[in-house]
Amino acid sequence: MGTQPNIPSYIEAFLFSSWKGRAVLAVGAGLLSCFLSLSPLLHPLLGLIFSSMALLPVFLSGFTLGVGGVMISAVTICFIDGLRGNIFIPLITMSFIVAAVRQSLLVRKVKGTVFFYPEGRFVVFLLIMGLVFLGGLVMGIKIFFLKSLSVSHQVDLMSFEELIFFYVQEFLKNASLQSQLSKEGISFIVNYGLSFLLISWILTLFINAMIALSLLKRTNFGLRPPFQMGNMMLPVWYPFLLVGSVGMIFMGGDISYLGKNASLLVIMGFVFQGCSLAHLVIQKWFKKQVVHQRIAFGFFYGSMIIMLPWFLGVAGLGILDHFMNLKERVLT
């Protein structure tokens, strides 16, 4: 995997060979993650940057100590957040991360060659977890909590979408922002806000996992090699997920709401594959020109942040690559 950092042998033996040392590392990763998540309280601007990396120690724990290590880090975080009265969100988050680390560490051997879990499958796994969470949240609240929430708020709510509309209206009213948003803006938040939250969360997981593996690349402690964006390839069956989610839109009610949000999540898979194609093109154009490559990558991803509709263009590239194998043409 790389060269080992200059750590005294007795410290290395304690931290990585004994169960006590591994437990210390895992608990320490959990504590560091909690500290980073609270950093905005110490400094708003720098804290925002550090808090975005709050999951990095947990992934480092998982990619060096395995599933057992990431579970100890996750339990540490849930315990501390539980003491603060906030257990549901950390529990869901840590469950996602433990499952993601376990999946990414899967390997198979073919004729003596070891193949690690591919980048594309890892992205699809994250997206499917998002879809499962989305479906469970929408249908769970509709079936088990909608009536009680209607009674508690003294309103007649007939669907999950109406519940979201009610909460958005209440938030905007309390924040005195209702007059600053048009009806179209409010409708967009109601219809697609949940999927954008999940997409941002999945991106956070993937970026933190990539950074963790990159940091471990030059050490002997990483349990798998880093993800390579240029190798991103979705499974052959992936387009059927998009067809199914789009089909749900025409079924009406909360199934339609679920289909709209699920479609955006599924499209993100093609965005990843489009980015993968862009990586290969940029690397070919600026071969052995690392500085130019970084500038091109910065411009490419910066344009996606500034112009959100460009995501659909990149998704289109991903769809074309999926069906026409454009990467093979780039590489030849």
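Look above for the structure.
Notes on the structure in this doc start here. (Residues numbered from 1 in each chain as written. Predicted model: local features only at pLDDT ≥ 70, side-chain atom pairs only at ≥ 80, totals over all residues. Heavy atoms only, no water.)

## Brief notes about the overall build of the protein
Then, in step 1: Counting secondary structure elements, the protein contains 13 helices and two strands.
Then, in step 2: Seen through its principal axes, the protein has C-alpha atoms that stretch 65 × 55 × 40 Å.
Then, in step 3: The buried share among the 332 residues of the protein stands at 42%.
Then, in step 4: Looking at the protein alone, contacts between residues at least 24 apart form 68% of all its contacts between residues at least 6 apart. (Helix = DSSP H or I, 4+ residues; strand = E, 2+ residues; numbered from the N terminus. Buried < 20%, exposed > 50% of the residue type's maximum accessible area, 1.4 Å probe, protein only. Contact = heavy atoms within 4.5 Å.)

## So, the packing of aromatic side chains
The description of an aromatic ring pair uses the distance of the two centres, along with the angle that the planes make with each other.
Then, in step 1: All chains considered together, the criterion is met by 13 aromatic pairs.
Then, in step 2: The interplanar angle of 55° and the centroid separation of 5.5 Å between the aromatic rings of Phe 160 and Tyr 257 together place this pair among those described as tilted. Placement of Phe 160 in helix H7 (residues 160-174) and of Tyr 257 in helix H10 (residues 253-285) is noted, with a sequence separation of 97 residues between them.
Then, in step 3: Since its relative accessible area comes to 3%, Phe 160 is described here as buried. (Phe/Tyr/Trp six-rings, centres within 6.5 Å; stacked < 30°, edge-to-face > 60°.)

## Notes on the pattern of salt bridges
Then, in step 1: All chains considered together, the criterion is met by four salt bridges.
Then, in step 2: A salt bridge links Arg 84 to Asp 81; its shortest N-O distance comes to 2.6 Å.
Then, in step 3: The partner of Asp 254 in a salt bridge is Lys 142, and the shortest N-O contact between them spans 3.4 Å. Taken together, the positions of Asp 254 in helix H10 and Lys 142 in helix H6 (residues 119-153) put the pair 112 residues apart, joining distant regions of the chain.
Then, in step 4: The exposure class assigned to Asp 254 is buried, which follows from its relative accessible area of 4%.
Then, in step 5: Residue Lys 142 is classed as partly exposed on the basis of its relative accessible area, which comes to 31%. (Salt bridge = Lys/Arg side-chain N within 4 Å of Asp/Glu carboxyl O.)

## Observations regarding unusual backbone geometry
Then, in step 1: The phi torsion at Lys 288 lies on the positive side, around 65°, for a residue other than glycine.
Then, in step 2: In this structure, Lys 288 sits in the loop between H10 and helix H11 (290-306).
Then, in step 3: Taking relative accessible area as the criterion, Lys 288 reaches 79% and is therefore assigned exposed.
Then, in step 4: You will see that Asn 325, though not glycine, has its phi angle at about 50°, which is positive.
Then, in step 5: Structurally, Asn 325 can be placed in the loop between helix H12 (310-324) and helix H13 (326-331).
Then, in step 6: Given the relative accessible area of 32%, Asn 325 is considered partly exposed.

## Section: the pairing of strand E1 (residues 107-110)
Then, in step 1: Judged from the four bridges that link them, E1 and strand E2 (residues 113-116) form a sheet pairing that is antiparallel. In the sheet register, Val 107 faces E2, and the bridge partner there is Phe 116. (Pairing = 2+ DSSP bridges.)

## Regarding the nonpolar core
Then, in step 1: Judged by nonpolar contacts, the single largest core of 73 residues is most densely connected at Phe 59, Phe 63, Ile 97 and Phe 206.
Then, in step 2: With residues up to four places along the chain from it excluded, the contact list for Phe 63 reads Val 101, Ser 104, Leu 105, Ala 209, Ala 212, Leu 213, Leu 216, Phe 221, Gly 222 and Leu 223. (Core = buried A, V, L, I, M, F, W, Y, C linked by side-chain atoms within 4.5 Å.)

## What to know about the packing of H6 against H10
Then, in step 1: Their axes nearest at 10 Å, the elements H6 and H10 cross at an angle of 170°. Between H6 and H10, the crossing angle belongs to the class labelled roughly antiparallel. Contacts from Val 123, Leu 127, Gly 130, Leu 131, Leu 134, Gly 135, Val 138, Met 139 and Lys 142 in H6 reach Asp 254, Ile 255, Tyr 257, Leu 258, Asn 261, Ala 262, Leu 265, Val 266, Met 268, Gly 269 and Phe 272 in H10. (Axes fitted to C-alpha atoms, helices over the stretch in contact; angles between N-to-C directions. Parallel < 35°, antiparallel > 145°, perpendicular 65-115°, else oblique.)

## A look at helix H2 (residues 19-37)
Then, in step 1: Across its 19 residues, H2 extends 27 Å between first and last C-alpha, which sits within 8% of the 27 Å expected from 1.5 Å per residue.
Then, in step 2: Among all positions in H2, only Gly 21, Ala 26, Ala 29, Gly 30, Ser 33, Cys 34 and Leu 36 are buried. (Expected span 1.5 Å × (residues − 1).)

## Observations concerning the packing of H7 against helix H8 (residues 183-215)
Then, in step 1: Running from N to C, H7 and H8 cross one another at 125°; their axes reach a closest spacing of 10 Å. Of the possible angle classes, the one that applies to H7 and H8 is oblique. Considering the relative orientation of H7 and H8, their crossing is right-handed. In this structure, H7 contributes Phe 160, Glu 161, Ile 164, Phe 165, Val 168, Gln 169 and Leu 172 to the contact, and H8 contributes Ile 186, Ile 189, Val 190, Asn 191 and Leu 194.
Then, in step 2: Looking at the contact of H7 with H8, its residues break down into nine nonpolar, two polar and one charged. (Left-handed = near helix turned anticlockwise from the far one by under 90°. Nonpolar A, V, L, I, M, F, W, Y, C, P; charged D, E, K, R; others polar.)

## Things to note about H6
Then, in step 1: For H6, built from 35 residues, the straight-helix expectation of 51 Å at 1.5 Å per residue is missed by more than 12%, its first-to-last C-alpha distance being only 45 Å.
Then, in step 2: Its axis deflected by about 65° at Phe 145, H6 carries its strongest bend there.
Then, in step 3: Positive backbone phi, at 55°, marks Gln 154, one or two positions downstream of H6. (Bend = angle between axes of the 7 residues up to and from the residue.)

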